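# Examining the three-dimensional arrangement
Residues per chain, in single letters:
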Amino acid sequence: MKFGVSTFITDQGIAPAALGRAVEERGFDSLLIAEHTHIPVERRSPYPGGGDLPEIYYRTLDPFVALSAAAAVTDRLLLGTGIALIAQRDPIITAKEVASLDLVSAGRAVFGVGVGWNREEMENHGTDPSTRGRLADERLRAIRELWTAEKAEFHGEFVDFDPVWSYPKPVQKPHPPVYVGGGEGAFDRIAALGDAWLANRVSPEELGPQIQRMRAKAGREVPVTVYGAADDPATVEGYANAGVERLLLYLPTRPEGESLEVLDRLAALAGRFG
């Protein structure tokens, strides 16, 4: 099992370049970061984690700017979104951002996507929460077309454009891997559009049967990455036994000195299973 790091990069924590360098130096293979463009002050949508919404949710840096900074000081580290809120993103701009990250990182971009939970945030972007699943699927299809076709065009319910030139094209072929986040409701999306499942908040005991159901629906051996895992040896062993390909250990958002101390502890834990 491979080990990476998942976190929220904000204006109050370790800077992205310092973080990327530190994660690579400690032997992790990947860094995936969260995205929220903003958080509405008045919100009806409950926080999935329960209780008050942590401040990190409304202080995140733009993920592609942050990951490009990390790319400039690393050589091997996979750099991805965990997750990009595709239902809130323009597909033409997003296709260019991901392809540009893949280019400047020499083919190390990972595009983790999800539909999101914050209905008020979506509505501020003009997204109807009731159709966000169909919208996300269509935007993913359009992005893949922009990545892979010299003259890309798309005509759908939500996305519509005549032939366009869109560059750069990604370094990775046919395109950067698409990690689809979500629970069992995302299995159809994984089957149709995903290269991996990015599972979140699932215990090892629950995950094993879910992996079987997901792969049965997809009809193939879809790899699984777990996002935001706790640094508990028994839990890590459980994920390994469940057949997880990559475990992203969660790094709390802290200043640089504190972050490096936590990374040292996480690296030591990963080393026990390496």
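My aim in this report is to walk through the structure given alongside it, one point at a time. (Residues numbered from 1 in each chain as written. Predicted model: local features only at pLDDT ≥ 70, side-chain atom pairs only at ≥ 80, totals over all residues. Heavy atoms only, no water.)

### Description of the overall build of the chain
To be explicit about the condition: The helix count covers DSSP runs of H or I at least four residues long, the strand count covers runs of E at least two residues long, and both are numbered beginning at the N terminus. The globule rule used for comparison is 2.2 Å times the number of residues to the exponent 0.38, while the radius of gyration itself is calculated over C-alpha atoms. With a 1.4 Å probe rolled over the protein chains alone, any residue whose accessible area is under 20% of its type maximum counts as buried; one over 50% counts as exposed, and the rest are partly exposed. In this description, contact between two residues means that some pair of their heavy atoms is separated by no more than 4.5 Å.
Within the chain, the regular secondary structure consists of 9 helices and 11 strands. A globule of 274 residues ought to have a C-alpha radius of gyration of about 19 Å, and the chain, at 18 Å, matches this closely. Over its C-alpha atoms, taken along the principal directions, the chain stretches across nearly 50 × 40 × 40 Å. Across the 274 residues that make up the chain, the buried fraction comes to 51%. Taking the intrachain contacts of the chain between residues at least 6 apart in sequence as the baseline, contacts between residues at least 24 apart amount to 70%.

### Quick look at the environment of proline 63
Inspection of the secondary structure puts proline 63 in helix α2 (residues 63–71). Sequence-distant contacts of proline 63, that is, excluding residues within four places in its chain, are made with Ile33, Glu35, Thr81 and Arg89.

### Quick look at the nonpolar core
We count it as follows: The definition of a nonpolar core used throughout is a set of buried Ala, Val, Leu, Ile, Met, Phe, Trp, Tyr and Cys residues joined through side-chain atoms within 4.5 Å.
Membership of the largest hydrophobic core comes to 67 residues, with the highest contact counts inside it found for Phe28, Phe111, Trp197, Leu207, Val226 and Leu249. Discounting chain neighbours no more than four positions away, the residues touching valine 226 are Ala199, Leu207, Tyr239, Val244, Arg246, Leu247 and Leu248. Within the second largest apolar cluster, 14 residues are counted, among which are Phe8, Ile39, Tyr47 and Leu248.

### Re the environment of glycine 51
As for its position among the elements, glycine 51 is in the loop between β2 (30–33) and α2. Spatially, the C-alpha atoms of glycine 51 and alanine 191 are 33 Å apart, while their sequence positions differ by 140 residues.

### Some points on unusual backbone geometry
Note that the residue after tyrosine 167, namely proline 168, is joined by a cis bond; omega there is 5 degrees. Following the sequence through the fold, proline 168 ends up in the loop between β7 (160–164) and β8 (178–181). For the bond running from lysine 173 to proline 174, omega is 5 degrees, close enough to zero to count as cis. Residue position: proline 174 is located in the loop between β7 and β8. In this model, alanine 106 sits at a positive phi of 60 degrees, which is unusual for a non-glycine residue. Judged by relative accessible area, which is 62%, alanine 106 ranks as exposed. Phi is positive for arginine 201, which is not a glycine, with a value near 60 degrees. As for its position among the elements, arginine 201 is in the loop between β9 (196–200) and α7 (204–218).

### With respect to the pairing of β7
Rule in force here: Should DSSP find at least two bridges between two strands, the strands are taken to pair.
As paired strands, strand β6 (residues 152–155) and β7 are joined by 3 bridges and run antiparallel to one another. The residue bridging alanine 152 from the neighbouring strand is valine 164, located in β7. A loop of 4 residues connects β6 with β7, the two strands running antiparallel in sequence.

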